[in-house]
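Next come the chains, spelled out residue by residue.
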Amino acid sequence: MIGRDWVGTFKQWLEFSLVAFAVLFFAMAFLFLGNVVMLQGDRQDLESYSNDLFARAVAVAAETEKILDSDWSTEAPCSEDDLDRMRYVIFYSRMLRDVGRLEVNRLLCSAGWGALPDELQALPPSQYHIGAVRFWSKIINPAHPQVISDIAAKGDIFVATSPAAFDRFISPPSGIGAKVVTSDGQYVFEKFGEADAINYVPAEQWRDQGGTLRFVRCDEKYALCVVSQKTDGGLFSREIVLPVVLALAGTLFGLFAGLVGVIQLRHQQSLPVKLRKMLRKKSLMLHYQPLRVLSSGKLVGAEALARWPLHNGSWVSPDTFIPLAEELGLMSELTRLVVEKALAEMGARLREDPGFYISINITAADLLDHDFGKVLDASVKHHGVLPAQVVLEITERTTSDYSQLDGAMRSLSQKGFRFYMDDFGTGYSNLGSLAQLPLDAIKVDKVFVKAIGTDSPVAEIFGPISKIAQDLRVNIVAEGIETAEQSSGVLQWVPDAIGQGWLLGRPVPAAMFPAN
Ligand code: C2E
Ligand code: MG
Ligand code: MG
């Protein structure tokens, strides 16, 4: 009992663990996947912002280079023709707003401001240069102190970038910062959003670090890079409801999956499923109980009794699984297995002693199964055993309608197989029809044997039963003989009875079956 309680507690614990594990697993999985999806989205946002900015920076660089590298020597500097040409050039520029002439750092004239006065303040020294091109970033234009722009100059030509060139990058999506820098990272042309936090290391493309995504794209020709960064990526940077909802959904899903698992587990552990599995694996075992001539104790046969061991070391009683197999329509499969095993395990003994027989329990379903006779034939042939060494026990209870079984029994009987009527006295046999059956013996049920020596009226019935047997000219096998008193009680009525019971030998595996 304690063992069973323990097994029950263990099963409950196992089921609980399964559900708890599923809940935990799916809650975490949902959060993890949610985070992966969000990070992916953040990456795409960052990448597309970066790529746009990069394309724009390259376009600005390309126009700057094109204008600065044009041949401006054909016109006299700051002449009307020169200014005309500048206006024309800038009119068709998308990224630049002004082009002009300068001497060292002093602006002389430009398309936008025309000729500039001599006393105009010079630009401060350039902030950076690449080859002959000098750069100023966000510099106050001396021609108009309210105009701030980026300026690039080569020789005596300068260009000012249009403020519209980068205006759509000024407010990047939340958490994104970006810089347009020289490829060595030394000089910053432009910066947007949370750019100050970006620590650019050349030659890296993508980096995920503690919730920060970094994307770098460089152009070799113009030696510039766009470095962008998103600081608060992923699920956990979002509002708290999102992770909470995902965790909750994962929990519910886990609960559902866990319960489905428990139902499946219970189903797997249900007896019908286990019975099918046992038949498939042929893990049924047989024990053999001696059948002896009661008067002399001579061993004449063995009854094969099915034994079903479970993994936990317990056994399922045949009184449970035989009716279950009948209910599930698995009986003929089970009987075939018993026949196969019994003849294999007891074959040597049967071949050695042609007077020895094996008694096998069958049901009505087996007799109604057309192939059963063929199975028996094949088995006895295969094991070199005589059909007469195989006794088939049918119970009175399952054979109330003998007319259907009569033909099958008769044909098996003609082949030499013998029949015992098992558990006789517990059913409702019509004695008339019983007389028609090809029976070799009746096995008087143990309730009658048990009553011998007691004052139970059932004991009285043993006499009439032996009379019937005499009339039908069949032998008597007495089941359930546990005491010497029961043995001599049976012998008084039926001197040549065969006996079966604990007094004469318990059911044991083939290897332990007595030699005599
Ligand atoms: P059964 O065919 O009448 O088998 C005799 C039963 O009585 C066996 O129970 C046996 O262990 C038990 N028994 C033997 N000697 C004694 C005794 O001295 N005292 C008491 N109290 N019992 C004794 P078991 O093995 O539990 O089988 C129960 C029933 O299950 C069998 O009754 C039989 O009807 C059925 N069964 C067992 N194996 C098979 C099988 O392979 N096929 C079919 N169709 N039925 C089977
Ligand atoms: Mg039996
Ligand atoms: Mg019986």
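Residues numbered from 1 in each chain as written. Chains lettered and ligands numbered in written order. Predicted model: local features only at pLDDT ≥ 70, side-chain atom pairs only at ≥ 80, totals over all residues. Heavy atoms only, no water.

Engineer: Could you clarify how one ought to interpret the coordination of the magnesium ion (ligand 3) in this entry?
Structural biologist: Six octahedral donors around a metal ideally sit at 90 or 180 degrees from one another, while four tetrahedral donors ideally sit at 109.5 degrees. Protein-derived coordination of the magnesium ion (ligand 3) comes from D422 (OD), D423 (OD), E479 (OE) and E479 (OE), at a distance range of 1.9 to 2.6 Å. Counting gaps between the donor residues of the magnesium ion (ligand 3) yields the pattern D-D-x55-E. If you look at the magnesium ion (ligand 3) and the magnesium ion (ligand 2), they sit 4.1 Å from each other and are both ligated by D422. Placement of the pair is D422 in strand β18 (residues 418-424) and E479 in the loop between β20 (475-478) and α13 (484-493), with a sequence separation of 57 residues. Take E479: its relative accessible area is 6%, and that puts it in the buried class. (Donors = N, O, S within 2.8 Å, 3.2 Å for Na, K, Ca; no water. Helix = DSSP H or I, 4+ residues; strand = E, 2+ residues; numbered from the N terminus. Buried < 20%, exposed > 50% of the residue type's maximum accessible area, 1.4 Å probe, protein only.)

Engineer: Would you mind showing me how to read the packing of aromatic side chains here?
Structural biologist: The description of an aromatic ring pair rests on the distance of the ring centres and on the angle between the ring planes. Overall, the coordinates contain 18 aromatic pairs when judged by the stated rule. Ring geometry for F21 and F25: centres 5.9 Å apart, planes at 20°, overall stacked. Taken together, the residues span about one helical turn, with F21 and F25 both in helix α1 (residues 2-68) at a distance of four residues. Residue class for F21 comes out exposed when judged on its relative accessible area of 56%. Accessibility expressed as a relative area gives 45% for F25, which makes it partly exposed. Between F25 and F26, the ring centres sit 5.2 Å apart and the planes meet at 85°, which makes this aromatic pair edge-to-face. One aromatic cluster is present, built from ring pairs that chain together F21, F25, F26, F30 and F253. Between the NZ or CZ atom of R349 and the centre of the ring of F356, over which it lies, the distance is 4.8 Å. Above the face of the W502 ring, R506 is positioned so that its terminal group lies 4.0 Å from the ring centre. (Phe/Tyr/Trp six-rings, centres within 6.5 Å; stacked < 30°, edge-to-face > 60°. Lys NZ or Arg CZ within 6 Å of the ring centre and 35° of its normal.)

Engineer: How should the packing of helix α4 (residues 271-281) against helix α5 (residues 318-327) be read in this particular structure?
Structural biologist: For any two helices packed against each other, one specifies the crossing angle of their axes together with the interaxial distance. Two elements in contact, α4 and α5, have axes whose closest approach is 11 Å; the angle formed by their N-to-C orientations is 85°. Taken together, the axis directions place α4 and α5 in an arrangement best described as roughly perpendicular. From α4, L271, P272 and L275 reach across to α5, where they touch T320, F321, L324 and A325. Residues of the contact of α4 with α5, tallied by class, amount to six nonpolar, one polar and no charged. (Axes fitted to C-alpha atoms, helices over the stretch in contact; angles between N-to-C directions. Parallel < 35°, antiparallel > 145°, perpendicular 65-115°, else oblique. Contact = heavy atoms within 4.5 Å. Nonpolar A, V, L, I, M, F, W, Y, C, P; charged D, E, K, R; others polar.)

Engineer: How should I be thinking about the side chain of R307 in this particular structure?
Structural biologist: Tracing the backbone through its elements, the reader meets R307 in strand β14 (residues 299-309). The charged side chain of R307 is buried without a salt bridge, its nearest counter-charge being D319 at 8.4 Å. In contact with R307, other than residues within four places in its own chain, are L284, M285, H287, W315, P318, F321 and P507. (Lys, Arg positive; Asp, Glu negative; His and termini not counted. Salt bridge = Lys/Arg side-chain N within 4 Å of Asp/Glu carboxyl O.)

Engineer: Got a minute to help me understand the pairing of strand β16 (residues 357-362) in this structure?
Structural biologist: Taking burial as the measure, the six residues of β16 include five buried ones, the bulk of the element. Across four bridges, the pairing between β14 and β16 is parallel. Bridged to A304 within β16 is I360. Here β16 runs beside strand β17 (residues 390-395); their pairing, made up of five bridges, is parallel. Its bridge partner lying in β17, S359 is registered against V391. (Pairing = 2+ DSSP bridges.)

Engineer: What is the right way to look at a nonpolar patch on the surface in this model?
Structural biologist: A contiguous nonpolar surface patch, about 450 Å² in accessible area, is contributed by I240, V241, L242, V244 and V245. Relative to the helices and strands, I240 is located in the loop between β12 (224-230) and α3 (241-268). With a relative accessible area of 64%, I240 lands in the exposed category. (Patch = residues over 30% accessible without salt bridge, like charges linked within 9 Å, V, L, I, M, F, W, Y side chains within 5 Å. Areas by Shrake-Rupley, 256 points an atom, 1.4 Å probe, with all protein chains shown as cover.)

Engineer: Just to check I follow, could you spell out α5 for this structure?
Structural biologist: Residues that lie three or four places apart on an α-helix share one face, since the helix turns once every 3.6 residues. Those residues of α5 that sit buried are F321, L324 and A325. For α5, the angular spread of buried residues about the axis comes to 100°, placing them on one side. Looking at α5, the residues exposed on the side facing more than 90 degrees away from the buried face are D319 and E327. Residues of α5 that are buried sit in contact with α4, β14, β15 (315-316) and α6 (331-352). Backbone nitrogen of D319 and a side-chain oxygen of the N-cap are separated by 3.0 Å at the start of α5; the cap is S317. Of the residues flanking the end of α5, it is G329, one or two places downstream, whose phi is positive at about 70°. (Arc of directions from axis to C-beta. Polar contact = N/O pair within 3.5 Å; in protein donor to acceptor, adjacent residues only side chain to side chain.)

Engineer: Looking at this structure, how should I read the coordination of the magnesium ion (ligand 2)?
Structural biologist: Bound to the magnesium ion (ligand 2) on the protein side are E303 (OE), N361 (OD1), E393 (OE) and D422 (OD), at distances that span 2.0 to 2.3 Å. Sequence positions of the residues that donate to the magnesium ion (ligand 2) give the spacing E-x57-N-x31-E-x28-D.

Engineer: Would you take a moment to explain the state of the cysteines for this structure?
Structural biologist: Throughout this description, disulfide means a covalent bond between two cysteine sulfur atoms. For the coordinates displayed, the defined rule picks out two disulfides. What pairs with C78 in a disulfide is C109, and their sulfur atoms sit 2.0 Å apart. Every disulfide takes its handedness from the sign of the S-S torsion; for C78 and C109 that torsion is -90°, giving left-handed. You can see C78 sitting in the loop between α1 and α2 (80-91) and its partner C109 sitting in strand β2 (residues 106-110), a full 31 residues away along the chain. In this structure C109 comes out as buried when scored by relative accessible area, which is 0%. (Disulfide = S-S within 2.5 Å.)

Engineer: Please clarify how the pattern of salt bridges should be interpreted in this entry.
Structural biologist: Where charged atoms from two side chains of opposite charge approach closely, those side chains can pair. Taken as a whole, this structure holds 23 salt bridges when the rule is applied. The shortest N-O distance in the salt bridge between R336 and D369 comes to 2.9 Å. You can see R336 sitting in helix α6 and its partner D369 sitting in the loop between α7 (364-368) and α8 (372-383), a full 33 residues away along the chain. Given the relative accessible area of 28%, R336 is considered partly exposed. Among the salt bridges present, the one from K415 reaches D377, with a minimum N-O distance of 3.0 Å.

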